[in-house]
Amino acid sequence: MKPAAFEHHAAGSVEEAVSLLAELADEDVKVLAGGQSLVPLLALRLASVGHLVDVNGVPELTTISNGDGLRFGAVVRHRQVERSPEVAAANPLLAAATRRIGHTAIRNRGTIGGTVAHADPAAEVPAVLALLDGSVEVRGEGGTRSIAAADLFDGYFTTTLEPEELLTSVHVPALPEGTGWSVQQFSRRSGDYGIVTVLATLALDGDGRISAARVAYAGVDAVPLRSSVAESALVGQTASAELWTAVGHDAAAVLEPGSDLNGSAEYRRHLAATLTARALQQASERAGGRA
Amino acid sequence: MRMVGAKVPRVEDRRILTGNGHYVDDLQLPRMVHAAFLRSPIAHGRITSLDVEEARKAPGVHAVYTGADMRALSKPIRSPLAQGATPEIFPLVTDTVLFVGDLVAMVVADSRYLAEDAAGMIDVEYSDLPAVVDYETALDPGVPPLFPDLESNVLHTATKEAGDVEAAFAAADRVVEVTLSQHRIANVPIETRGAVADYDPGSGQLTLHAATQAPHGLRLQMAQTLDHPMDRLRVLTQDVGGAFGLKGNIFREDFCLAIAAKQLARPVKWIEDRNEHLMASGHAREERITAQVAVTEAGDILGITAALDMDAGAYPGVPFSAVSFTGVISLLLPGPYTVRGYRCDSRVLATNKSTYVAYRGPWAMETWTRERLIDMVATELGLDPAEVRRRNLYEGADGDRMVTGPTLAGITTRECLDRALERIDYAGFRAEQEAARAEGRYLGIGMAAFIENAPGPKEMRPNGGFTGGEAARVRLEMDGRLTVFTAQSPHGQGHETTLAQLAADEMGVPFEQVRVVHGDTQVTPFNILGTGGSRAATWGSGATMVATRKLREKVLAIAAGQLEIDPSDLQIVDGVVSPKGVPGREIPLARLAGQMTLMPQTAPPGTDPNLQAEERFTGEETSGSGWSGGVHACIVEVDLGTGGVQIKRWVVVEDCGRIINPAIVDGQIRGGVAQGIGQVLYERIPYDVEGTFMAGTFMDYLLPTSAEIPPIEIVHVEPEDDEDGGVGFRGVGEGGMIVAPATLTNAISDALAPFGARVTEQYLPPAEVLRLAGVV
Ligand SMILES: Cc1cc2nc3c(=O)[nH]c(=O)nc-3n(C[C@H](O)[C@H](O)[C@H](O)COP(=O)(O)OP(=O)(O)OC[C@H]3O[C@@H](n4cnc5c(N)ncnc54)[C@H](O)[C@@H]3O)c2cc1C
C-alpha cells in the first residue's frame, strides 16, 4: 500500500495550476485536492500518476460567496460547508447532505471540488447539483467555461472535464423561501457512503397542493439521477402519506441500479422506494412548517 | 488496600494513549531494509514461469527470493502440534498457488516503496486450475487434492458419540432438522501482522521483533524450521495492537524475513498492509453444521446429532490448525443442557482460500448451533424459548455432567438466565412487542447461553492439562520493588495491570512497585501458547500467585531469622516486613533485598538469599466450577423499509468467577460483544465462485464502529471471596464473542417471526433481513 513514485507540484495560483496541467498533459498528471479519494487509489496502486498538481495552497479556491446562490471555491472543505451559517441559511439541504460524507476527519480534508470532479455515483454533493440544477466553473489554458450539472456527470467516476482543466468553483442555487427539503440515506454503518441516497424538495401552495417538487438519487446508477417520474407525479397533487408511498414505488420501479456486496438491484429499488416516501414526508412537513 | 477486585486503572494506558507504546513498526534499526511480497492474484494455479531478473536489477533492491530460493534455505514447516493430514509446506510457493494472496516471491529493498515497485516488475505466468471454494467441491472425491502429498481435500474426520443416541431419538415426539452456517470473517486487529528479523553474523544471534501473541511458540518453530540453534534465537515483542487469536499463529512470512536477515546480514522489516491483511493473514469461522434435535412435545431436548464441516482454507495454521478446534466444538456443543444422547461427526476441508485461524472463541460454532436450535425447537413446538431453556438446563448440582463427560457442578447458567430476563424485563417486552406489531413495527428479543472451560473442572486438566500448567518467575529487586516475569504475552488484555494486582496482594507491596515483564523469550518462562484461549485469568494468575507466595516464604524466612521470630508471626504490608502487632521492629523489603543481594553471606542459616522464585502452577489451587459462562439477551427493532437492524438493549449476565479488575473484565465483555455484533451484521469475507477475493479494503469489509455498538449492560455473578487463597479467576476474553452472535440472530429471528422466517445463516446484512422477511 505504498504509491509508486510521482512528482508533486504545489500550485500557488489558479494560473499556475492550469499551466502545469497543460504542460504535463502528456505525462499522466492529476489534480490533488483533499486526497481522500485519490490517495487511497494511488496507495493501492489502482491508479498511478506521473505528476500531482496540488491545489490546496491556492487561496482563491478556498472561499464561499453568497449572491446568486452559493458559490464555493473548489478546495472549500466539506467541513466548512457543513458549518457555514451562510450555507445553513441559503441551502440547509446542502449542509445536511455534506454532513453525510464519511466521518469528520474525512470532511476536514475532502473538498467540494474534489467530490464533484471525482463523480462517485454514490456521492452526496453531485446529487445535490443534479437535484438543484447547480453548475461548476472550470478553467483551462483556453479560458473559463461553466458546465451545468446535467451536462457534467458522464458515467462512473467520469465527468465532462478535460484532463487539463481545473475545476475552480461549484455553484449551488439557494433553496427558494418556503421550500421543504429532505436528505434520506441508508448505509450499513454511520459514515459509509449511502447504498441509496434520496434528496427531495417540495413546495406547497396555500391549499396543501404541491406546487414544485424535485427528487434526485445517488447510488442507483452510474451518475446522480433526477426522477422525472416522481417529480411529474407530485406536482399538482395533495400531500398525503399514500401519495408518498405510491410515488416512491413508481419512481423506484424505473431505476436500474447495480448489485454489489451490499445488496441486489432489487434491494436497492426497495430502499429507493422506502427512502423516497420518507424524504417526501419530511420535505412536506418542512414545507408546511415554513409556509 | 487489597488490589484484587479493585477497578485499578490500567498501567498500560498512559503509555499507549500518549503515543509512547512500542509497536514493531516503531522499531528503526541501523541498516534496516524492507520486504514486500508478491502475492498470487488467482485462487489456484501452477506457476509456469517466474522471471525476477528485472526486479533484481531495480533501484534499491538487495534481494529477490523465489519459492525455489526459499526452499533451499528452509526445512518444511512442521507444526509440533499438527493434527490431521498435514502437507509439506515451505515459506514461499514452489509450484502451485493455493489462494488469492499466496506467497509467490519476496523482494527486499531500501524502502517498502522500492520493494513494492520491484515486486511489480516480476513476471509470473500461471496456468489456472479449478478452484475449490465450497464444501461440496472439497468433499467431492473426484476433485484432485490441493496438496499432491495428501490423498484428499478432507484433512480430518472424527466422531464423538456420548450417551444413548438411538434411545434419545426413539423416545422423541419430533425431530427438528436444520443446516446452520457460519460465514468466514477476519480478526482484523488494529495492528496488522509484522516483524523485524535481525541477525548478527558475529555472534550468530537471530532476534525477531514480532507482533505476536506467542513469542515462545514462534521461537521454537523458527529454530526447527531454520535449523537455528536456540541459544542464539530470541523473540521480543512489546506492545501488540490486538490479535484475537490470529497472532498465535506462526506465519510463512516470518520465516522469509528471518532467512533474508541471515542471508543479507541486515535487519529486515515487513509490516503487513491492510490489503494483505484482509486477503492473506488468515480467516476464521467458516463452518456449517447439519443437526437433528430429538424433542418431546413438552420441549425436552432428548438428543442431538450434528455433522460439522469446517473450511480450513489452503494451508494448515501453525501451530494450531482448524483441526485442533473440532474437538472443542464437538465436546462443548451440548452446553449446559441435559441432552441424553449425542453424536457429532466432524470433517475439516482444504479449500483455495486463506488459512483458517483462531479468532476469539474459535469453537463458537457450538454455541451458535445449540442456541439457534433451541429457538427453532421453541418455534416449532409453539413454546417460549426461555421456558425451553429452563426446562433443559442443568442446575449445576454435584452429579450434573455434560453428556460428553465433564462435570457441570457449580455452573450458574440458570441464575444467569433468570437475572438476564429479569433485567431486560422479558414479560414486559413481550407485551411491548405485541403492541408494536399491531402498529407494523417489528421488535425481537434474543437470548443465548454459553459455558466455556476456562479453565474447566479439574478432571479436564490433570497435571495442568496439555501444557502442564504454566510457570511464572518473580524477583525482589534491591530497592524492594517486585518484578514478575510472565509466560503470558498480552496484546490488549492488561496483564501488566492484573498480574501486578495479584502479585501486590500476595507479596504485600504497593501495586505501583510491581512491574510485569513479558514478551522476551530470554527472560520469560516458556509457554507455547503465549496469551490465548481465555487462559490467562487462571493460568497466568495462578502462576504469578504461586511464584510470589514462594518468594514471600523466602523473604519471611530471612526476616524471621534476622528478628529471631517465627515466620508465621510476620506480615508484609506496604513493602515492610514486621512482626504482627509489635511496632518498632520493621524491616523494609528494600533493606532486606539490598542486604541479601550485596551481602548474601549474611543470610540467616538455612535461608536462601537468592530472592527470586519460579514456580509452576498446575491448577491444584483453583476454586469454583471451572466454567466461565453466562447468558446474554438483547432487543432489536427491524426496519422493513431498509432491512436495518437497530439494537435497542443488550444485557450481559456473566460468571467468570472472582474478578481481578472489573474495568478490564467489562472491557473484555464489551469488546467481545462488539465483535459478535460485527460478525452478524457487518463482517464477511467474500470469495466468488472462482475463489476471487473481494474485500481488499475496509470499504468492503465492514467493521462496526462505536456508533454501531449499543450500550452494554453488564451484571456479574461473582462467588464469595476465597478465604483460603484459592485461584477462583476464570477466563473472560472470549465469552462475549462466543455468545453474542447467537443472541443477536435469535433476536432478529424473533423480530421476523410473524413472517415465518427461519434464520439458518449467521450473516444478516439488511438485504438478507429483507429476504427473510419476504419483502425483497
Ligand atoms: C473513509 C471514507 C469515506 C468517504 N465517504 C464518503 C461519502 O460518504 N460520500 C462522499 O461523497 N464521499 C466520501 N468520501 C470521499 C470524500 O468525500 C472525498 O473528499 C471526495 O470524494 C474527493 O474529494 P477530495 O478533495 O478528497 O479529492 P481528491 O481525492 O484529492 O481527488 C479526487 C479526484 O478528483 C480530482 N480533482 C480534485 N479536485 C479537482 C479540481 N479542483 N479540478 C479537477 N479535478 C479535481 C482529482 O484529480 C482526483 O481524480 C469518503 C472518503 C473516505 C476516505
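Keep in mind that what you see is a predicted model, and the values were worked out from it rather than measured.

**Topic: the pattern of salt bridges**
All names here are of chain A. Evaluated as defined, the whole model comprises 65 salt bridges over all chains. For the salt bridge of Arg214 with Asp133, the shortest nitrogen-to-oxygen distance reads 3.0 Å. One end of the pair, Arg214, is in strand E13 (residues 210-218); the other, Asp133, is in the loop between helix H8 (124-132) and strand E6 (135-140), and 81 residues separate them in sequence. Owing to a relative accessible area of 27%, Arg214 belongs among the partly exposed residues under this scheme. A residue is classified by how much of its surface remains accessible, and Asp133, at 44% relative accessible area, is partly exposed.

**A short note on the packing of aromatic side chains**
Residue and element names in this part refer to chain B. Here the structure, examined in full by the defined rule, presents eight aromatic pairs over all chains. Where Tyr442 meets Phe755, the ring centres are 5.0 Å apart and the plane angle is 55 degrees; that geometry is what we call tilted. Placement of Tyr442 in strand E16 (residues 442-452) and of Phe755 in the loop between helix H19 (735-751) and helix H20 (766-772) is noted, with a sequence separation of 313 residues between them. Looking at Tyr442, the relative accessible area reads 15%, which means it is buried. What makes Phe755 partly exposed here is its relative accessible area of 31%. Ring pairs connect the aromatic residues Phe99, Phe147 and Tyr315, which therefore count as one cluster.

**Some details on the domain arrangement of chain B**
Residue and element names in this part refer to chain B. Domain boundaries assigned for chain B yield domain 1 (27-129 + 188-280), domain 2 (287-458 + 623-772) and domain 3 (462-617). Taken over C-alpha atoms, the centre of domain 2 sits 39 Å from the centre of domain 3. Taken together, the contact between domain 2 and domain 3 spans 18 residues of the former and 19 residues of the latter. Considering only the side of domain 2, the residues that lose the most area to domain 3 are Ile660, Val727 and Phe729, jointly responsible for 35% of the buried surface there. At the surface where domain 2 touches domain 3, the tally comes to zero salt bridges. On the surface where domain 2 and domain 3 come into contact, there are five residue pairs in polar contact (both at pLDDT 80 or more).

**Some points on the sheet that holds strand E11 (residues 233-236) of chain B**
Within a beta sheet, neighbouring strands are joined by backbone hydrogen bonds and run either parallel or antiparallel to one another. All names here are of chain B. Read across the open sheet, the seven strands follow the order E3-E5-E1-E12-E9-E10-E11; overall the sheet is mixed. Sheet topology places strand E3 (61-66) and E11 at the edges, where each strand pairs with a single neighbour. With strand direction ignored, the average angle separating the axes of adjacent strands in the sheet is 20 degrees. Bridge count between E3 and strand E5 (residues 103-109): five bridges; the pairing is antiparallel. Within E5, the position partnered with Ala63 by the bridge is Val108. Sheet strands in contact with helix H7 (residues 215-226) are strand E10 (205-210) and E11, and its direction is about 145 degrees off that of E11. Against the sheet, helix H8 (residues 252-264) contacts strand E1 (33-39), E3, E5, strand E9 (194-200), E10 and strand E12 (268-271), and its axis sits at roughly 30 degrees relative to E9.

**Thoughts on the interface of chain A and chain B**
Tallying the contact residues gives 22 residues for chain A and 33 residues for chain B. Note on chain A versus chain B: buried area summed over both sides is about 2,200 Å², and carbon and sulfur give 62% of it. When residues of chain A are sorted by the area they lose upon contact with chain B, A:Met1, A:Arg188 and A:Arg189 head the list and together hold 33% of the total. B:Asp117 is the partner of A:Arg45 in a salt bridge, and the nearest nitrogen-oxygen pair spans 2.8 Å. For the pair chain A and chain B, the number of links is 15 residue pairs in polar contact (both at pLDDT 80 or more). Of the residues contributing to the side of chain A that touches chain B, the split by class is 10 nonpolar, five polar and seven charged.

What counts, and at which threshold
Residues numbered from 1 in each chain as written. Chains lettered and ligands numbered in written order. Predicted model: local features only at pLDDT ≥ 70, side-chain atom pairs only at ≥ 80, totals over all residues. Heavy atoms only, no water. Salt bridge = Lys/Arg side-chain N within 4 Å of Asp/Glu carboxyl O. Helix = DSSP H or I, 4+ residues; strand = E, 2+ residues; numbered from the N terminus. Buried < 20%, exposed > 50% of the residue type's maximum accessible area, 1.4 Å probe, protein only. Phe/Tyr/Trp six-rings, centres within 6.5 Å; stacked < 30°, edge-to-face > 60°. Domains from an automatic or database assignment. Contact = heavy atoms within 4.5 Å. Buried area = accessible area lost by both parts, 1.4 Å probe. Polar contact = N/O pair within 3.5 Å; in protein donor to acceptor, adjacent residues only side chain to side chain. Pairing = 2+ DSSP bridges. Axes fitted to C-alpha atoms, helices over the stretch in contact; angles between N-to-C directions. Nonpolar A, V, L, I, M, F, W, Y, C, P; charged D, E, K, R; others polar.

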